Amino acid sequence: MFYREAGQFKTSYSADQAIFPIRQDRLGLLLLGLVAVFAVPALANNYFLETIFVPFLVFAMAALGLNLLTGYCGQLSLGTGGFMACGAFFSFKLATAFPELHIVVVFLLAGLGTAGVGVLFGLPSLRIKGFYLAVATLAAQFFLVWMFNKFNWWTNYSPSGVISAPPREIIPGFFVTGNEASPAAKYVFLLIFVAVLALIAKNLVRSRTGRSWMAIRDMDIAAEIIGIRPLWAKLSAFAVSSFYIGISGALWAFVYTGSVEALAFQIDRSFQVLFMVIIGGLGSILGSFLGAAFIVLLPILLNNAPAALGIPLKVELISHLEFMIFGALIIFFLIVEPHGLARLWQIGKEKLRLWPFPY
Amino acid sequence: MNATATRFGIWMALVPLLIAILGLGLQGLAIIDTSLFFTWGYFLEVLIAGLLQGVLYSLVALGFVLIFKASGIFNFAQGSMVLFAALTMVGFIEMGLHWTLAFILAAGVMVVLAIVIEKVVLRPMVNQPHIILFMATIGIFYFLDGFGQTLWGSDVKVLDIGIPKDPMFVLPNVFEGGILINSFDLVAALVGAVLVAVLAVFFQYTRVGRALRAVADDHQAALSVGIPLKTIWAIVWSVAGIVALVAGIMWGSKAGVQFSLALIALKALPVLILGGFTSIPGAIVGGLIIGAGEQVAEVFLGPLVGGALQDWFAYMLALGFLLFRPQGLFGEKIIERI
Amino acid sequence: MKFKKFGLAAVGAAMLAGSLVLPGLAAAQEQFVPLLVYRTGPYAPNGIPIADGFNDYMQLINTRDGGINGIKYAWEECETQYNNDRGVECYERLKGNGPTGASVVNPYSTGITYALIDRATNDKVPVLSMGYGRADASDGRVFPYVFTMPITYWAGADVMVQYAKKESGGSLKGKKIALVYHDSAYGKEPIATLERLAKEEGYQFSTYPVAHPGLEQKATWLQIGRQLRPDWVFMWGWGVMNSTAIKEAAAVGFPMEKFIGIWWSGAEADVTPAGAAAKGYKSLNITGVGTSAPIFADIEKMHADGNGIADKANIGTVLYNRALVNAFLYTEAIRVAQGEFGVKSLTGEQVQWGMEHLNVTQAAIDKAGMTGLLSPVKITCADHEGGGSALVQQWDGAKWQAITDFISPNRDALRPAYEESAAQYAKEKGITPRSCS
């Protein structure tokens, strides 16, 4: 009823190929954007901004990167934590070695560096596949974290191996990292940064490159026969994915926590991002955001629910229950909708289109 | 099976040679870089310690292989099954039961768990892609972690079933100071060997074992000749649960039964890729190679780069093997070219 | 995206409901303390007695004394699972509770401490990292809101060397000392100090990192026990790494009497899993051992009256005592602050003032019934470590026994190291150190 595209005619190819061909989608997105930019920082308190919105955006970025590799190109990777560490430490070295460099440039350069590392560790994908590849990417995970932990050069010889983000401004007087940065400033900066990169990703997967990734994912032999070079497609997927993941690592260290040690990017981090991608929906940009929201919010929600409902439970019991419910919910979701939240959203849209009629 | 046996034989013949070459290489390194330390007695000691350690990895890897072989599921929850099994057994011992009785009861609990997993998780997800099933096992991982701790608490627990722990020194007249062997590791290795032998007999000669191999070969064909797929799955998960219990006892009496036990699953992954996901001998040989390789690397190469390299070294070693054999040492050969 | 919005709204509603309920309960004059605990996860065996100690001490103050000069404690636990993001989330959630917000935060995790330094400084909430966290935060000019009393890792390393020197007949010249450490920010803390002392004392120093979580130490101990054969082994371990290290050390026949752990490697949970192998193992401790201090009679009575919170089995354990001392220290700081700002609910900023003027004398310790549990501490604006000391304890197979008195580290050499490291931090972060004179 409300969501019907009847009467919206496409009169040009470019209109037909638009990212959001339906007017309601465009309006909805615009509204969401306005709410996110203006209403959220105005209404949400620092707790919400600092512990929900900021990590959500950082994780969404990482999930987006992994989704490009795993969801679109079909290469299962468990090295996400290692690549995030690359981004964090590269940007720390860049930011401290060249203090005059603008922070966005630092992030982008760190992303590029991570892309290089990603290509290097993507090379085995030319020969091994599936779970074997997943475990092989674990080599990257363990090696990278070990390297950043071991060599003091990465931390500017800090005696403990912890890096602290130096204060940087995005525009003069508007700090996004360091002590003076306000949560709202961090949030708005992240929002715009992530939104722009997500838009680029969305366009990328609709391009020739993205199509070649999906061809490799669906059937690599057939893809090769129709003229797609597996070498180029796989390595470009590793590069672009690592670029996004690297930036998310840099954002994690600089904007979210402010100080970080290599052990923050342990294997758990890789799994966490993989959950987001699978729960959100493999091969969906929107899914990356939904998955990140789900994984970031659910534990906090479960943890706060008993107190909010006034049920007095011991913290350890809450925490155990949280584990159990989290596990049970993952299984439940996979049984109900193995293609993730993004698929649920699509089904919802279909239903909305027909509503109030059954078909 | 015959081809595997032949390959196994060739490897066994090569092993002493490889060890000698490795030792000579390290000796050479120690001559070049005087900060490194090398004697043959010490080298053998490290190697033996590594091999014994490797058997413990194999025990964990074995659980993965059983499930992957029968159902194609990469069971991420194996680590938490190890923890859960060990916690349950300690729980029963703390109730005052003798450890053999506790073992039997804990094994029973693992069988029940397997049946529940099959009914609640696996059955609704038949025919889903592997990655989805993999995710589901991660769900099981979280659930078991929470459940085990709710039931038995998060305290560290002592599990002692009377395995000797004293160091032994062998061949004292050949090498200066003898070669130190940890008697606990030796016992653990023996238990591991017995378990593998029992499993091999079980799969080779029993009816269930044959059915299981049929299922592993081809689900549909097995179903069409009347093999009950679901029963087989429940049995495989039960066996994997019991293997987890044995692994849990071995690791638990080494380090105490606590949450960290779930993390040893990570040590089994390089063993798996090295040996191949579908091969029981692969898990054993892979465990031995990874165990020996990482100990030798840590002891003799670690000082060059500042140590603590055994974690990634195991993966790098496995990766190196994979580049030459993409299906692992004993994995099923799938012929395809890309 | 509607699902997301819906989810956020749901969380928002839940939080709002939560925040509406709590102030209603806490309307009176109260001193709120957020407790970041880890009763689950890999470090729960350590986290549980710590949390119990905090609960019992504050409960004791409330039930026995009716609060600090009548101002009762209010506190809320939040489970961090020893996880940095969770710790930050807990801190952000609890910092505004109570009538005046958080008085003090005790993260009990080096990682969470690092993550909270910036935030707490901004929010003007003192961080009391008692025997963990950044050693260089002892320089109060750069870290006004971080307190490291009574002693830091660097000072702990100094105490270990002093003890080893005394036991080795007054000289360490030509001796070999090995450090086994958790390969993380925490484990690396003592290396610089031990290297400096190696030059001064003339011992040969080697390091052995152990990868997290520390279940794998066979290679490490083969190197130590069969190749290096050191005179002393020091350990900076945590959680399962400790008991594994003790077992592996026993497996290569290394004598336990020569094996000293830092105070995070010396709790009951660290030695009991190793069984009989651990007998004779030593560790440092920043608090006294056992239940001989007079305060335990009051705690017993509180439990007998049914007001106790802790699991009774944890009373008197190493980490329980440490939490008692920790709670005692901030209680004293609040008393000092009440003297300045009046008897009422104090803000974090006022408690920080109290901490900077804290002077816990032996008389004050005796008065509080804490005799033997800690040594005197005096904090100033510049010195946030306060001159505390540590003792050496030994595991006799059933319980920990103190085998030395409190040993004072040699701070003349440590202080310049703190200041140098803090100055580097200040430079990187663009902080202008405040003046303390």
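Residues numbered from 1 in each chain as written. Chains lettered and ligands numbered in written order. Predicted model: local features only at pLDDT ≥ 70, side-chain atom pairs only at ≥ 80, totals over all residues.

Novice: Whenever I open this one, the overall build of chain B confuses me. Can you help?
Specialist: In terms of helices and strands, chain B carries 12 helices and two strands. Ordered by position in the sequence, the α and β elements of chain B form the string α-α-α-α-α-β-β-α-α-α-α-α-α-α. The C-alpha atoms of chain B give 21 Å as radius of gyration, which agrees with the globular expectation for 338 residues (20 Å, within 12%). Dimensions along the principal axes, computed over C-alpha positions, put chain B at roughly 60 × 55 × 35 Å. Every one of the 338 residues in chain B was classed for burial, and the buried ones make up 54%. (Helix = DSSP H or I, 4+ residues; strand = E, 2+ residues; numbered from the N terminus. Rg over C-alpha atoms; globule rule 2.2 N^0.38 Å. Buried ≥ 20, exposed ≤ 12 C-beta atoms within 10 Å, placed from the backbone.)

Novice: Explain the overall build of chain A to me, please; I cannot follow it from the model alone.
Specialist: Looking only at helices and strands, one finds 14 helices and four strands in chain A. With the C-alpha coordinates of chain A rotated into their principal frame, the extents come out at 65 × 60 × 45 Å. The 359 residues of chain A split such that 53% are buried. If you take every contact in chain A between residues at least 6 apart in sequence, the share linking residues at least 24 apart comes to 74%. (Contact = placed C-beta atoms within 7 Å.)

Novice: Before we go on, may I ask you to explain unusual backbone geometry in this structure?
Specialist: In this structure, Pro150(C) follows Met149(C) across a cis peptide bond, with omega equal to 0 degrees. Note that Pro150(C) resides in the loop between β4 (146-147) and α5 (153-167). Put simply, His212(C) and Pro213(C) share a cis peptide bond, and its omega is 0 degrees. Phi angles above zero are rare outside glycine, and Asn156(A) is one such case at about 55 degrees. Topologically, Asn156(A) is positioned in the loop between α6 (130-150) and β1 (162-164). With 14 C-beta atoms packed within 10 Å, Asn156(A) lands in the partly exposed category. In this structure, Gln81(C) is a non-glycine residue whose phi angle is positive, near 55 degrees.

Novice: Could you clarify how one ought to interpret the interface of chain B and chain C in this entry?
Specialist: Interface size is commonly expressed as the accessible surface area that is lost when the partners come together. Counting from both sides, the interface comprises 32 residues of chain B and, opposite them, 34 residues of chain C. Of all the elements in the fold, those that place two or more residues in the side of chain B that touches chain C are α2 (40-71), β2 (179-182), α9 (229-255), α11 (280-305) and α12 (310-324) of chain B. Counting residues per element, the side of chain B that touches chain C draws most heavily on α2(B), which supplies five residues. In the side of chain B that touches chain C, the residues fall into 14 nonpolar, 11 polar and seven charged. (Nonpolar A, V, L, I, M, F, W, Y, C, P; charged D, E, K, R; others polar.)

Novice: Just to check I follow, could you spell out the interface of chain A and chain C for this structure?
Specialist: Taken residue by residue, the interface counts 41 residues in chain A and 41 residues in chain C. Going through the elements one at a time, α3 (46-72), β1, β4 (259-261), α12 (285-309), α13 (315-336) and α14 (340-354) of chain A are the ones with two or more residues in the side of chain A that touches chain C. Residues belonging to the side of chain A that touches chain C are distributed by class as follows: 22 nonpolar, 16 polar and three charged.

Novice: Please clarify how the confidence of the model for chain B should be interpreted in this entry.
Specialist: A low pLDDT score tells you not to read the predicted coordinates there in detail. All names here are of chain B. Averaged over chain B, the pLDDT score is 82; the fraction of residues at 70 or greater is 93%. Within chain B, helix α4 (residues 99-122) carries the highest mean pLDDT (91), whereas strand β1 (residues 167-170) carries the lowest (74). The complex model carries a pTM of 0.88, and its ipTM stands at 0.84. (pLDDT = per-residue confidence, 0-100.)

Novice: Where do I start with the sheet that holds strand β12 (residues 391-395) of chain C in this structure?
Specialist: Within a sheet, each strand pairs with its neighbour through backbone hydrogen bonds, oriented either parallel or antiparallel. All names here are of chain C. Pairing within the open sheet is mixed, and its seven strands lie in the order β6-β5-β7-β8-β9-β12-β13. Because the sheet does not close on itself, it has two edges, and the strands there are β6 (204-210) and β13 (400-402). Sheet twist, expressed as the mean angle between neighbouring strand axes with direction ignored, is 25 degrees. Sheet topology places β12 next to β13; three bridges connect them, and they run antiparallel. Paired with Gln394 across the bridge in β13 is Gln401. Against the sheet, helix α7 (residues 191-201) engages β5 (176-182) and β6, with an angle of about 165 degrees to β6. (Pairing = 2+ DSSP bridges. Axes fitted to C-alpha atoms, helices over the stretch in contact; angles between N-to-C directions.)

Novice: I'm lost on the nonpolar core in this one. Help?
Specialist: If you look at soluble globular proteins, the nonpolar side chains tend to sit buried side by side. Core analysis: the biggest nonpolar cluster contains 393 residues, and Phe59(A), Met61(A), Leu251(A), Val82(B), Ala86(B) and Val236(B) have the highest contact counts within it. In terms of residue count, α2(B) provides more of this core than any other element does, 20 residues in total. Both domains that meet at this core, namely domain 1 (28-151 + 292-388 + 412-429) and domain 2 (153-285) of chain C, each give it at least three residues. Once residues lying within four places of it in the same chain are set aside, the contact partners of Phe59(A) are Val273(A), Met276(A), Ala292(A), Ile295(A) and Val296(A). (Core = buried A, V, L, I, M, F, W, Y, C linked by C-beta atoms within 7 Å. Domains from an automatic or database assignment.)

Novice: In this structure, what is going on with helix α7 (residues 207-217) of chain B? I would like to understand it.
Specialist: Since one α-helical turn is 3.6 residues long, residues separated by three or four positions face the same way. Residues and elements named next belong to chain B. Inspection of α7 places Ala211, Leu212, Val215 and Ala216 among the buried residues, and these make up the whole buried set. What you see down the axis of α7 is that its buried residues fit within an arc of 140 degrees, all on one side. Set apart from the buried face of α7 by more than 90 degrees, the exposed residues are Arg207 and Asp217. Check the buried side of α7 and you find it contacts α2, α6 (183-205), α8 (219-224) and α9. (Arc of directions from axis to C-beta.)

Novice: Looking at this structure, how should I read the environment of Phe259(C)?
Specialist: All names here are of chain C. Residue position: Phe259 is located in strand β8 (residues 259-261). A count of 25 C-beta atoms within 10 Å places Phe259 in the buried class. When near neighbours in sequence (up to four residues on either side) are disregarded, Phe259 contacts Val233, Ala249, Phe254, Tyr281 and Lys282.

Novice: Any chance you could explain helix α4 (residues 110-123) of chain C here in plain terms?
Specialist: Residue and element names in this part refer to chain C. The end-to-end C-alpha separation of α4 is 19 Å, in line with the 20 Å expected for 14 residues at 1.5 Å each. Along α4, the largest kink reaches about 45 degrees and is centred on Leu116. The buried count for α4 comes to 11 of 14 residues, which makes it a mostly enclosed element. All of the buried residues in α4 are Thr110, Gly111, Ile112, Thr113, Tyr114, Ala115, Leu116, Ile117, Asp118, Arg119 and Ala120. Backbone geometry just after α4 places Lys124 at a positive phi near 60 degrees. (Expected span 1.5 Å × (residues − 1). Bend = angle between axes of the 7 residues up to and from the residue.)

Novice: Whenever I open this one, the packing of α5(C) against helix α15 (residues 411-429) of chain C confuses me. Can you help?
Specialist: A pair of packed helices is characterised by two quantities: the angle between their axes and the separation of those axes. All names here are of chain C. Contact geometry for α5 and α15: axes closest at 10 Å, N-to-C directions at 150 degrees. Our classification of the angle between α5 and α15 gives roughly antiparallel. In terms of crossing hand, the pair formed by α5 and α15 is right-handed. Residues Trp154, Ala155 and Asp158 of α5 touch α15, and the partners they reach there are Arg411, Leu414 and Ala417. For the contact of α5 with α15, the class distribution of residues is four nonpolar, no polar and two charged. (Parallel < 35°, antiparallel > 145°, perpendicular 65-115°, else oblique. Left-handed = near helix turned anticlockwise from the far one by under 90°.)

Novice: In this structure, what is going on with the packing of helix α2 (residues 23-43) of chain A against helix α7 (residues 183-205) of chain A? I would like to understand it.
Specialist: Residue and element names in this part refer to chain A. Taken N-terminus to C-terminus, the directions of α2 and α7 make an angle of 165 degrees; their axes are 10 Å apart at the nearest point. Taken together, α2 and α7 sit at an angle that is classed as roughly antiparallel. Seen along the crossing, α2 lies across α7 with a hand that is right-handed. For the pair formed by α2 and α7, the contact residues are Ala36, Val37 and Pro41 on the first element and Ala184, Tyr187, Val188 and Leu191 on the second. Its residues placed into classes, the contact of α2 with α7 shows seven nonpolar, no polar and no charged.

Novice: I tried to follow the environment of Leu212(B) on my own but got confused; where do I start?
Specialist: All names here are of chain B. Mapped onto the elements, Leu212 comes out in helix α7. C-beta crowding within 10 Å serves as the criterion here: with 23 such atoms nearby, Leu212 is assigned to the buried category. Placed 23 residues apart in sequence, Leu212 and Ile235 show a C-alpha to C-alpha distance of 9.0 Å. When sequence neighbours within four positions are dropped, the list of residues in contact with Leu212 reads Ala70, Phe203, Ile232 and Val236.

Novice: Quick question: what am I supposed to make of the pairing of β5(C) here?
Specialist: On a regular strand, one side chain projects to one face of the sheet and the next to the other, so that they alternate. All names here are of chain C. Of all seven residues that make up β5, six are buried, and the element is covered over most of its length. As judged from the seven bridges shared by β5 and β6, these two strands associate in the parallel manner. Within β6, the position partnered with Ala178 by the bridge is Ser206. Bridging between β5 and strand β7 (residues 232-236) involves five bridges; their strand directions are parallel. Within β7, the residue paired with Tyr181 across the bridge is Trp236.

Novice: Looking at this structure, how should I read the environment of Ile161(B)?
Specialist: All names here are of chain B. Examined against the element boundaries, Ile161 turns out to sit in the loop between α5 (130-152) and β1. With 15 C-beta atoms counted inside 10 Å, the residue Ile161 sits in the partly exposed group. In sequence terms Ile161 and Leu274 are 113 residues apart; their C-alpha atoms lie 32 Å from each other.

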